[in-house]
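A structural walkthrough
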Amino acid sequence: MPDSLCFKPLRSSRGSIWKYLQCGQYGRTGDSLHHFPPAFFFNSEPEEVLSIDEPSASADEEMDSAILFGVMRGNVVGLSYYTGVVNNNEMVALQREPSNPYDKNAVKVNNVNGDQVGHIKRELAAALAHIMDSRLAKVEGVVPFGAKNVFTMPVQLSFWGKDENRQVVLNHLKQYGFKLDPMAKGFGSNWITKRAGPSYSAPVLPAVQMSAEQLMTEFDKLFEDLKEDDKTREMEPAEVVGTPLLPHQKQALAWMVSRENSKELPLFWEQRNNLYYNTLTNFAEKEKPENVLGGILGDDMGLGKTLEAIALILTNFHDGKPLPVEKRENDQSYQKCNVTEKPEKCEKGNTNKLGKRKCEKGISKLHKEATCSFQKDTDFDLALAEPATKVKRKAMKKGAIVSQCSAKVVSEKKTRATLIVCPLSVLSNWIDQFEQHVKPTVHLNIYVYYGPDRSKESAVLSKQDVVLTTYSVLTHDYACRSNSPLHKVKWLRVVLDEGHTIRNPNAQQTKAAVDLEAERRWILTGTPIQNSLKDLWSLFCFLKLKPFADREWWHRTIQRPVTMGDQEGLRRLQALVKNITLRRTKTSKVNGKAVLELPERKVFVQHITLSEDERQIYESVKNESSAVIGRYFNEGTVLTHYADVLALLVRLRQLCCHPHLAKNTSFSGIPGDSTPEELQEKLVNKIKLVLSSGSDEECTICLDSLTFPVITQCAHVFCKPCICQVIRSEQVSALMHSLTELRKKNPMIKSLIVSQFTAFLSIIETPLRESGFVFVRLDGSLTQKKRIEAIQCFQSSAPESPTIMLLSLKAGGVGLNLTAASRVFLMDPAWNPAAEEQCFDRCHRLGQKKEVIITKFIVKNSVEENMVKIQDKKRELAAGAFGTKKMSSSEMKQAKIKEIKALIDI
DNA sequence: ACCGCCGGGTGCC
DNA sequence: ACCGCCGGGTGCC
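Just so it is clear, the structure is predicted and the values come from calculations on it, not from any experiment.

Another point: the overall build of chain A. Helix and strand counts for chain A stand at 34 helices and 28 strands. A fraction of 73% describes how many contacts in chain A between residues 6 or more apart in sequence connect residues 24 or more apart. Carbon and sulfur atoms make up 54% of the accessible area of chain A, which amounts to about 38,800 Å² in all.

Given below as structure tokens:
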């Protein structure tokens, strides 16, 4: 529930290696861990690997390192005043109620469902209030017995907190005459282990725990066998899916359909008599808990998650029947009612109709809707008077069509629309894929909810087959939810593409997504967990996974046990993830055959030697940088100057690419002293100066006044002819050589040229042009529209289409499909090997027919070589993460300092 | 009748 | 509500 998301204000916490390593504990305790491919859990993120750790401050992070102070018995009173009921051994939540008019110390006791059971007895509440308010300890309760009492019942309280608060808590309780039992021996062992036990520190009670464990193991096994079977069954998609599915895609479809139609109880629930029990919390209720009608489709990039989702939408409507779609009788109707304009050319906010490709401009959406929907009589006639009427009459004679119509009429009352939320960068991909995979004889109503003219009528959205929108729009709308049709419609299905974008539970976009109302919920992501176990929680919240959507139950039943190394907790987590996730990697097998048979991929490293001049500049800047960083080391302030240090390193890397990238710094004294803003300002001022003063500025190459002045990133002004000549003669030529050779061999081969520095891409443009290469460019500065244009242009197989794409490493992120390219030139190494891999995958993915050859340029004897060494280490680290012990933050800092030293050879 | 005892009214925080 | 607590009724054994 959204409430739990707002539970406590937290700093926005990005991942860190610390958290990543914390997860290493899975491996320490788990013997059955091979079920989780490591990549599923740990995916290091490019920009985070060398980022500074923020101090751990948030409430829930405190809980991660909490220890058990002890336990005590208390009483819950006033039971007869409240509706909440509990079972013996059921977990309860304690909640302060400072506004209580009878006692400002009041502490409420709620059951797992959030219903109030009673209050903590006054005297005890007086002692607890301060502890809870000051967060000296988290107090958790279990009702050991007496759950059916009418007036009062006992409650076993356990106190968890930071070690340093332990004594404070004990003393405070003592003042009120209470005392904590250490919990180690005997006390309460019966009640605590029997059911709710495993969530507590497991090792103290081995004997009793074993039996509980064994029980669960048996249960898990049963469950696993069942589910594994479920995941290998294949299913044919609805007839209207025009693309044949690969075996693993049919498996995904079968699994997704079975998830959506599941009548089973959710995991960890069982029926006893007339009640449904949650075996983790011992909560019970009369009403059957809803299973998650959905889950996480965690297939690797390139396996076809989009197609799998489209197949699902078309195949599984209500009662296991396909979505009743409007059939187009023949091509005539298509022609007649079509404005053949490409959706890509639509203005923002317009409706893109599949197959129809109708773009609306200014006219009301409803009106436009009518243009092609020949089952809506009035609208239809209005918009498309004569010819379509004929089409329709003709159509109505056909039985198939009639039944389609009636099916539609019946289903009209049922929730119909699927909402797809995705990052802007893949929005057009969805449109393309719908167009590609839905038979052209079918008309699907697709509404792109984006742009200033998007309809605010929820009725418009709810009658679509598919509504596409972006996370930004979703979040924006959520801010004024009363006016957001997205948050009013009761969706048949909500699909979050690149669903890991909601992994931060405090982010507005997470809340906006969780707040959507839907019968079925899906998360598509290649990386369900990026940094730690916590990432999963948001996803579970979105899926409305009972009772884990509430932070407390998630924490007590899963997160803490797992973090504390409890086997039981690990098994629960494992079962849970397996239950709702389908994950195949590129190397997964279906019936002994690889899921995806991609052409081979080869990576070559080409070492570059800097020219005499370049080496000179490099060395001088390097010495300067080393001196500055060395000073920081001596002062012990490396980490406080981290940003500066990074800037210096970036300069060095830029120098490896091209001296002009960092030219200003090599002349301007202390490197790293200008922020990007200052740089920007400098540049603007320079341009102003040049423009205002005519051309009295000198070109530093010909030392004459400027002809055709151009300005570089580093605020240097040259004559265009001069700088072109310089660039041509300089050693970017390793690339040019390869490209020219390649063109000689096969002029049709397309290449990606990748760099992290867009300025470097700009420099490369010149010799490319000179040599007559046709190229496009894709970087972060392009608008969505231009991006699509660039990609389409590049992907085109037309003879005059560009053969080269200049790509900035971070542009577009995941999801880009650049399979037209079969060569990649990586001009400079990235901090993180994963970022490079992701980039290679943009062309080495489904649809690639050719062998992919990747060339990495590495400058000899430079910061780049050192980076490659660190990359290798990181790969090792990631591979062995399971066995690694938790690093403290000071160890982490040491590791970072070491890294910096290694980079600049100090 | 300054106590004890009895039995009815009453009851979370 | 099988308790405790309160306060009124009551009063030899």
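That covers the picture; the talk isn't over yet.
With that settled, the discussion passes to the pattern of salt bridges. Tallied over the entire structure, the rule returns 28 salt bridges. Close ionic contact of arginine 556 with glutamate 552 constitutes a salt bridge, the shortest N to O distance being 3.0 Å. Of this pair, arginine 556 and glutamate 552 both sit in helix 22 (residues 551-563), 4 residues apart, which is roughly one turn of the helix. Comparing arginine 556 with glutamate 552 shows no difference in burial state: the two are buried. Because the salt bridges share partners, they merge into one network encompassing Lys138, Glu140, Glu552, Arg556 and Arg560.

Within the secondary structure, glutamine 464 is located in the loop between helix 18 (458-462) and strand 15 (466-470). Polar contacts involving the side chain of glutamine 464 include one to the main-chain carbonyl oxygen of valine 460, which spans 3.1 Å.

For the rest of this paragraph, the subject is the protein's contact with DNA strand B. The immediate surroundings of DNA strand B are formed by Val77, Gly78, Tyr81, Tyr82, Asn100, Tyr102, Asp103, His119, Ile120, Lys121 and Arg122. Sugar plus phosphate: this is where 50% of the atoms of DNA strand B within 4 Å of the protein reside. Interatomic distance of 3.5 Å between a backbone N/O atom of glycine 78 and a sugar or linking oxygen of DNA strand B. Arginine 122 has a polar backbone atom sitting 3.0 Å from a phosphate oxygen of DNA strand B.

Here the focus is the nonpolar core. Within the largest apolar cluster, 88 residues are counted, with the highest numbers of intra-cluster contacts made by Trp430, Phe434, Trp491 and Trp554. If we ignore the near neighbours within four places in the chain, the residues touching tryptophan 430 are Thr306, Ala309, Ile310, Ile420, Cys422, Leu468, Asp497 and Leu524.

Here we come to the sheet that holds strand 4 (residues 116-120). Picture the strands of a sheet paired through backbone hydrogen bonds; they go either parallel or antiparallel. Strand order in the closed barrel made by the 6 strands is 1-4-3-2-5-6, with antiparallel pairing throughout. Taking each pair of neighbouring strands and ignoring which way they run, the sheet shows an average axis angle of 40°. One ladder, built from 3 bridges, connects strand 3 (residues 107-110) with strand 4; its direction is antiparallel. Bridging from a neighbouring strand, asparagine 110 pairs with glutamine 116 of strand 4. Taken strand by strand, helix 7 (residues 166-175) contacts strand 1 (67-77) and strand 6 (152-161), and its axis lies near 30° from that of strand 1. Packing against the sheet, helix 22 makes contact with strand 2 (90-96), strand 5 (138-143) and strand 6, and its axis sits at approximately 130° to strand 2.

This part is about unusual backbone geometry. Excluding glycine, residues mostly carry a negative phi; peptide bonds, for their part, are mostly trans. For the bond from lysine 546 to proline 547, the omega torsion is -5°, close enough to zero to count as cis. When you line up the elements, proline 547 lands in the loop between helix 21 (534-543) and helix 22. The backbone phi angle of phenylalanine 268 is positive, close to 75°, even though this residue is not glycine. Position of phenylalanine 268 relative to the elements: it lies in the loop between helix 10 (247-260) and strand 7 (269-272).

Across the 10 residues that make up helix 21, a large majority, 10, are buried. The set of residues buried in helix 21 consists of Lys534, Asp535, Leu536, Trp537, Ser538, Leu539, Phe540, Cys541, Phe542 and Leu543. Count one or two residues on from helix 21 and you reach lysine 544, which has phi positive near 60°.

For chain A, per-residue confidence averages 73 on the pLDDT scale, and 66% of positions sit at 70 or higher. Confidence drops under a pLDDT of 50 for residues 880-886, and excluding neighbours within four residues, the segment shows 17 contacts in the predicted structure.

This part covers the packing of helix 11 (residues 305-315) against helix 17 (residues 424-437). Their axes nearest at 10 Å, the elements helix 11 and helix 17 cross at an angle of 60°. Taken together, the axes of helix 11 and helix 17 are oblique relative to one another. Crossing hand, helix 11 versus helix 17: right-handed. Listed contacts from helix 17 to Thr306, Leu307, Ala309, Ile310 and Ile313 of helix 11 are Asn429, Trp430, Gln433, Phe434 and His437. Broken down by class, the residue content of the contact of helix 11 with helix 17 amounts to 6 nonpolar, 4 polar and no charged.

This model, assessed by the stated rule, comprises 7 aromatic pairs. Between tryptophan 255 and tryptophan 522 the ring centres are 5.6 Å apart and the planes differ by 65°, which places this aromatic pair in the edge-to-face class. With tryptophan 255 in helix 10 and tryptophan 522 in strand 17 (residues 517-524), this pair connects stretches of sequence that are 267 residues apart. Owing to a relative accessible area of 0%, tryptophan 255 belongs among the buried residues under this scheme. Measuring from centroid to centroid gives 6.1 Å for tryptophan 430 and phenylalanine 434, while their planes differ by 35°, and the two rings are tilted.

Right, let's get into the pairing of strand 4. With 5 of 5 residues buried, strand 4 is to be regarded as a mostly interior element. Pairing analysis gives 2 bridges linking strand 1 to strand 4, with the strands arranged antiparallel. Counted as the bridge partner of valine 76 is isoleucine 120 from strand 4. The hairpin formed by strand 3 and strand 4 contains 5 residues between the paired strands, and glycine 114 there has a positive phi angle of roughly 95°.

The subject of this paragraph is the environment of phenylalanine 773. Considering the arrangement of structural elements, one finds phenylalanine 773 in the loop between helix 30 (758-770) and strand 25 (775-778). Note on phenylalanine 773: relative accessible area 8%, which makes it buried. Taking the C-alpha atoms as reference, phenylalanine 773 lies 7.3 Å from threonine 803; in sequence the two are 30 residues apart. Once residues within four sequence positions are removed from consideration, phenylalanine 773 is found in contact with Met736, Leu739, Thr740, Arg743, Leu768, Thr803 and Ile804.

The next subject is the environment of alanine 575. By the secondary structure assignment, alanine 575 is in helix 23 (residues 567-580). What makes alanine 575 buried here is its relative accessible area of 2%. Spatially, the C-alpha atoms of alanine 575 and leucine 267 are 8.1 Å apart, while their sequence positions differ by 308 residues.

The subject of this paragraph is the side chain of glutamate 552. Overall, the relative accessible area of 9% leaves glutamate 552 in the buried class. Apart from the residues within four sequence positions on either side, glutamate 552 is in contact with Val92, Ala93, Lys138 and Glu140.

By secondary structure assignment, the location of arginine 583 is in the loop between strand 18 (581-582) and strand 19 (589-590). Reaching out from arginine 583, the side chain makes a polar contact with the backbone oxygen of glycine 298 at a distance of 2.8 Å. Here glycine 526 takes part through its backbone oxygen, which lies 2.8 Å from a polar atom of the side chain of arginine 583.

Turning to the packing of helix 6 (residues 122-133) against helix 7, a few remarks are in order. A pair of packed helices is characterised by two quantities: the angle between their axes and the separation of those axes. Relative orientation of the contacting elements helix 6 and helix 7 amounts to 155°, with a least axis distance of 9 Å. Between helix 6 and helix 7, the crossing angle belongs to the class labelled roughly antiparallel. Read as a crossing pair, helix 6 and helix 7 show a hand that is right-handed. For the pair formed by helix 6 and helix 7, the contact residues are Ala127, Leu128, His130 and Ile131 on the first element and Val169, His172 and Leu173 on the second. Counted by class, the contact of helix 6 with helix 7 contains 5 nonpolar, 2 polar and no charged residues.

Now for the sheet that holds strand 21 (residues 601-608). Across the sheet, which stays open at both edges, the 6 strands sit in the order 21-28-27-24-26-25 with parallel pairing between neighbours. Each end of this open sheet is capped by a strand with a single partner; those strands are strand 21 and strand 25. Each strand axis lies, on average, 20° off the axis of its neighbour in the sheet, ignoring direction. In the sheet, strand 24 (residues 750-755) pairs with strand 27 (residues 821-826) via 5 bridges, with the strands oriented parallel. Bridge assignment links leucine 752 to a residue of strand 27, and that residue is valine 824.

Turning to the pairing of strand 16 (residues 490-496), a few remarks are in order. Here is the key point about a regular strand: its side chains alternate between the two faces of the sheet. Among the 7 residues of strand 16, 6 are classified as buried, and the element is accordingly described as predominantly covered. Taken together, the 4 bridges between strand 12 (residues 418-422) and strand 16 define a ladder with parallel strand orientation. Within strand 16, the residue paired with leucine 419 across the bridge is valine 494. Pairing analysis gives 6 bridges linking strand 16 to strand 17, with the strands arranged parallel.

Cut-offs and rules
Along each chain, the written sequence defines residue order, and numbers are assigned to residues from 1. Lettering of chains starts at A and numbering of ligands starts at 1, both following the order in which they are written. Under the rules for a predicted model, residues below a pLDDT of 70 receive no local features and side-chain atom pairs below 80 are neither given nor counted, while totals for whole chains, interfaces and linings still include all residues. Each side-chain value is worked out from all heavy atoms of the structure, with water and hydrogens disregarded. In DSSP terms, a helix is any run of H or I states spanning at least four residues, a strand is any run of E spanning at least two, and both are numbered starting from the N terminus. The criterion used for residue contact is that any of the two residues' heavy atoms lie within 4.5 Å. For accessible areas, the Shrake-Rupley method is used with a probe of radius 1.4 Å. Any residue's cover is judged against the shown protein chains and nothing else. Any carboxyl oxygen of Asp or Glu that lies within 4 Å of a side-chain nitrogen of Lys or Arg is treated as forming a salt bridge with it. Buried residues are those whose accessible area, probed at 1.4 Å on protein chains only, stays under 20% of the maximum for their type, while exposed residues exceed 50% and partly exposed ones sit between those limits. Polar contacts, as counted here, are pairs of nitrogen or oxygen atoms within 3.5 Å of one another; within protein the pair requires one atom able to donate a hydrogen and one able to accept it, and residues that are adjacent in sequence qualify only if both atoms are side-chain atoms. Throughout this document, a residue counts as near a molecule or strand when at least one of its heavy atoms sits within 4 Å of that molecule or strand. In this text, buried Ala, Val, Leu, Ile, Met, Phe, Trp, Tyr and Cys residues form a nonpolar core when linked through side-chain atoms within 4.5 Å. The pairing criterion for strands is at least two bridges between them, as found by DSSP. To obtain an axis, a line is fitted to C-alpha atoms, over the contacting stretch when the element is a helix, and the angle between two such axes runs from 0 to 180 degrees between their N-to-C directions. Confidence of the predictor at the level of single residues is captured by pLDDT, which takes values from 0 to 100. Note that the term roughly parallel is reserved for angles under 35 degrees, roughly antiparallel for angles over 145, roughly perpendicular for angles of 65 to 115, and oblique for everything else. Each helix crossing is assigned a hand: it is left-handed if the near helix lies turned anticlockwise from the far helix by less than a right angle, otherwise right-handed if that turn is clockwise. Under the scheme applied, nonpolar residues are Ala, Val, Leu, Ile, Met, Phe, Trp, Tyr, Cys and Pro; charged residues are Asp, Glu, Lys and Arg; polar residues are all the others, including Gly. Any two of the Phe, Tyr and Trp rings considered here, Trp counted by its six-membered ring, make a pair once their centres fall within 6.5 Å; the pair's planes then place it as stacked at under 30 degrees, edge-to-face at over 60, or tilted in between.

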